[in-house]
Amino acid sequence: MSKGVHNMFKATAASPGIAIGKALVYTEEELNISKTTVEDIDQEIKRFENAIETTKTQLKDVYEEALEKLGADKAAIFEAHLMVLEDPELTNQVENKIKEEKINAEFALKEVIDGFIAIFESMDDEYMRERAADIRDVGTRMLKNLMGIEIVNLASLSEEVVLVAHDLTPSDTATMNKDKVLGFVTDIGGRTSHTAIMARSLEVPAIVGLKDITSKVKKGDIIVFDGNEGIGYINPSEEILKEFQDKKVKYETYKKELEILKDKPSITIDGRQVEIAGNIGTPKDVEGVLANGGEGIGLYRTEFLYMNRNDMPTEEEQFEAYKKVLEAMGDKPVIIRTLDIGGDKELPYLDLPEEMNPFLGYRAIRICLDRTDIFKTQLRALLRASIYGNLKIMYPMISSIEEVRAANKILDEVKTELDRENVEYSKSFEVGIMIEIPAAAVIGDLLAKEVDFFSIGTNDLIQYTTAVDRMNEKINYLYEPFHPAILRMIKMIIDHAHNAGKWVGMCGEMAGDPKLAPILLGLGLDEFSMSASSILTTRKVITELSYKEMQEMANKAINFPTANEVKEFIEKSIKS
Ligand code: PEP
Ligand code: MG
């Protein structure tokens, strides 16, 4: 029967493209450390000192790299790690333990590190408590060096690899050397998880949610996979390898052909023009959006400015980041979303309590309306940056009119403050909200009177409407954008906005799915915002369709009873 089925893997197609390359398995294994007695104490201490030296050299390298690629702020964390390493209290305690108890360096180090972590974690001062994480990181690095376990540094990969990981953290993806990463395959995650979104913005192919791929692949295995379909092979046969090489050439040719659409408008054959914009997480991502012909930024997720660090970004740092994006985009619209932390995105220094239902908890605008100090700093930075381009401010996770009014009241206070200080800001920027909670969709007619625009956040809207956790791969099959309830909800939101004379965009992952573009167009969506790598494919779909026909199709499609029937109907309609 079919060749190579035993080494095939298949899960969620998270980022398009074909990857062929050697695997690098990137996992955080539990270190198994047991206590042994040692005869040669001097030799054991020497081993420990060597591990310190190796760790120091590695940390200095990582620090330099981070400084160059990410700036002083992000690099500071590695400086803190070096300081832990240079603390004589730590090294003396380990050496004394080795001497007095005649035990192996690994065990002595582990005990001392655990003791330090316990002390720091029990401190009253929040800043000191956070140092526990630094000690844990440095301790793990030293232990690995002692045990001869390879430490993979994604920032300084020297050869091209396919990354095989359980999951990738925001700091992994932020520091990795993108030029050497041919693709990602991960155990966990779905289309809207952080890793998937990052893969699309880095424009590397990815498959996520493979459950156990890290235990099936060994370093150096050859991996081929197709990120459009979510299928791949470990150590493929000659025949399959050839098949993927051909696919790769074909895909690259297709991408080249799309390039002619780069500077073209996104306009249907019967003249309906929409805007296709890009989603970004950092100012660096603007480049990819422009290179792919993005007509604006439909979502700048500012929370990445706050993540991977030990303290809040200052007004000045935020101002610089927002200004950079606005200037790079010229007069093209840039929607900057205010802080959307909580849920799947944590901020250790905010010390948020553990919650039973973080997605339904203290997050996003709820935090901002409570911690107005944080919110005001961000709004000040945004307003100051507003004179450098075409800014639109957007509030996330709005569930009621009261929240919009409260946020706008704070915005007014910030304006008054800036007026008083004679600080310049634009007087004409738009303020909009994300519609990602069903309650907001239902009262869209009322909300539309209070704001300038809506942007539909389908990643959350789907999870809240269908009660399906967007992060849980066990119930991934229920996370269904074609669900008639979702499409009807979208229609309702668009109609509410249009009836009030407001425009409506979409910045959830649904906007960048070419299979959904026809129905979203037909339902009247004005702006589609997506990962840079999806822009040209979506433009191609739009430019080949008739708006009138898609309107008729969409009105019929939302009456089909199942997601599959909706899907089939859309496919049939665009072929005919
Ligand atoms: C969404 O919920 O659709 C969205 C765009 O926001 P995030 O994915 O950041 O929650
Ligand atoms: Mg959201």
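Residues numbered from 1 in each chain as written. Chains lettered and ligands numbered in written order. Predicted model: local features only at pLDDT ≥ 70, side-chain atom pairs only at ≥ 80, totals over all residues. Heavy atoms only, no water.

Chemist: Can you lay out the coordination of the magnesium ion (ligand 2) for me, pointing to particular residues and giving the numbers?
Modeler: A metal bound by six donors in octahedral fashion has ideal angles of 90 or 180 degrees, whereas one bound by four tetrahedral donors has an ideal angle of 109.5 degrees. Bound to the magnesium ion (ligand 2) are the protein donor atoms Glu436 (OE) and Asp460 (OD), situated 2.0 to 2.2 Å from the metal. One end of the pair, Glu436, is in the loop between strand 14 (430-435) and helix 16 (438-442); the other, Asp460, is in helix 18 (residues 458-466), with 24 residues separating them in the sequence. Accessibility assignment for this pair places Glu436 and Asp460 in one class, buried. (Donors = N, O, S within 2.8 Å, 3.2 Å for Na, K, Ca; no water. Helix = DSSP H or I, 4+ residues; strand = E, 2+ residues; numbered from the N terminus. Buried < 20%, exposed > 50% of the residue type's maximum accessible area, 1.4 Å probe, protein only.)

Chemist: So what's going on with the environment of Val152? Residues and values would help.
Modeler: Along the chain, Val152 turns up in the loop between helix 5 (126-147) and strand 4 (161-165). In this structure, the C-alpha to C-alpha distance between Val152 and Asn50, residues 102 residues apart in sequence, is 19 Å. If we ignore the near neighbours within four places in the chain, the residues touching Val152 are Leu24, Tyr26 and Leu157. (Contact = heavy atoms within 4.5 Å.)

Chemist: Describe the pattern of salt bridges, with residues and values.
Modeler: Enumeration according to the criterion identifies 35 salt bridges in this entry. Across the pair Glu106 and Arg47 runs a salt bridge, and its minimum N-O distance is 2.6 Å. With a gap of 59 residues between them, Glu106 in helix 4 (residues 105-121) and Arg47 in helix 1 (residues 41-70) connect regions that are remote in the sequence. On the basis of relative accessible area, Glu106 is assigned to the buried category, the value being 11%. Salt-bridge contacts for Glu430 lead to Lys392; the nearest nitrogen and oxygen are separated by 3.4 Å. (Salt bridge = Lys/Arg side-chain N within 4 Å of Asp/Glu carboxyl O.)

Chemist: Describe the packing of aromatic side chains, and please don't skip the residues or the numbers.
Modeler: Between two aromatic rings, the relevant description is the distance of the centres plus the angle of the planes. If you walk through the whole model with that rule in mind, you get seven aromatic pairs. The interplanar angle of 80 degrees and the centroid separation of 5.9 Å between the aromatic rings of Tyr233 and Phe244 together place this pair among those described as edge-to-face. Placement of Tyr233 in strand 8 (residues 231-234) and of Phe244 in helix 9 (residues 238-258) is noted, with a sequence separation of 11 residues between them. Judged on exposure class, the residue Tyr233 and its partner Phe244 are both buried. (Phe/Tyr/Trp six-rings, centres within 6.5 Å; stacked < 30°, edge-to-face > 60°.)

Chemist: Account for the packing of helix 3 (residues 88-101) against helix 4, with residues named and values stated.
Modeler: Closest axis-to-axis distance for the helix 3/helix 4 pair is 9 Å, and the angle between their directions is 135 degrees. Looking at the two axes, helix 3 sits oblique to helix 4. Along this stretch, helix 3 crosses helix 4, giving a crossing that reads as right-handed. Residues Glu89, Leu90, Gln93, Val94, Lys97 and Ile98 of helix 3 lie in contact with helix 4, whose contacting residues are Ala105, Ala108, Leu109, Glu111, Val112, Ile113 and Phe116. The residue makeup of the contact of helix 3 with helix 4, split by class, is nine nonpolar, one polar and three charged. (Axes fitted to C-alpha atoms, helices over the stretch in contact; angles between N-to-C directions. Parallel < 35°, antiparallel > 145°, perpendicular 65-115°, else oblique. Left-handed = near helix turned anticlockwise from the far one by under 90°. Nonpolar A, V, L, I, M, F, W, Y, C, P; charged D, E, K, R; others polar.)

Chemist: Tell me about the site of ligand 1, and please be specific about residues and values.
Modeler: Inspection of the region around ligand 1 gives 14 residues, with Arg301, Arg337, Gly457, Asn459 and Arg470 positioned closest. Side-chain polar atom of Glu436 to an oxygen atom of ligand 1: 3.0 Å apart, as the coordinates give it. Between Thr458 and ligand 1, the recorded distance is 3.1 Å, taken from a backbone N or O atom to an oxygen atom. A breakdown of the residues in the shell around ligand 1 according to their chemical character gives three nonpolar, four polar and seven charged. (Near = heavy atom within 4 Å. Polar contact = N/O pair within 3.5 Å; in protein donor to acceptor, adjacent residues only side chain to side chain.)

The values are spatial; any link to function lies outside them.
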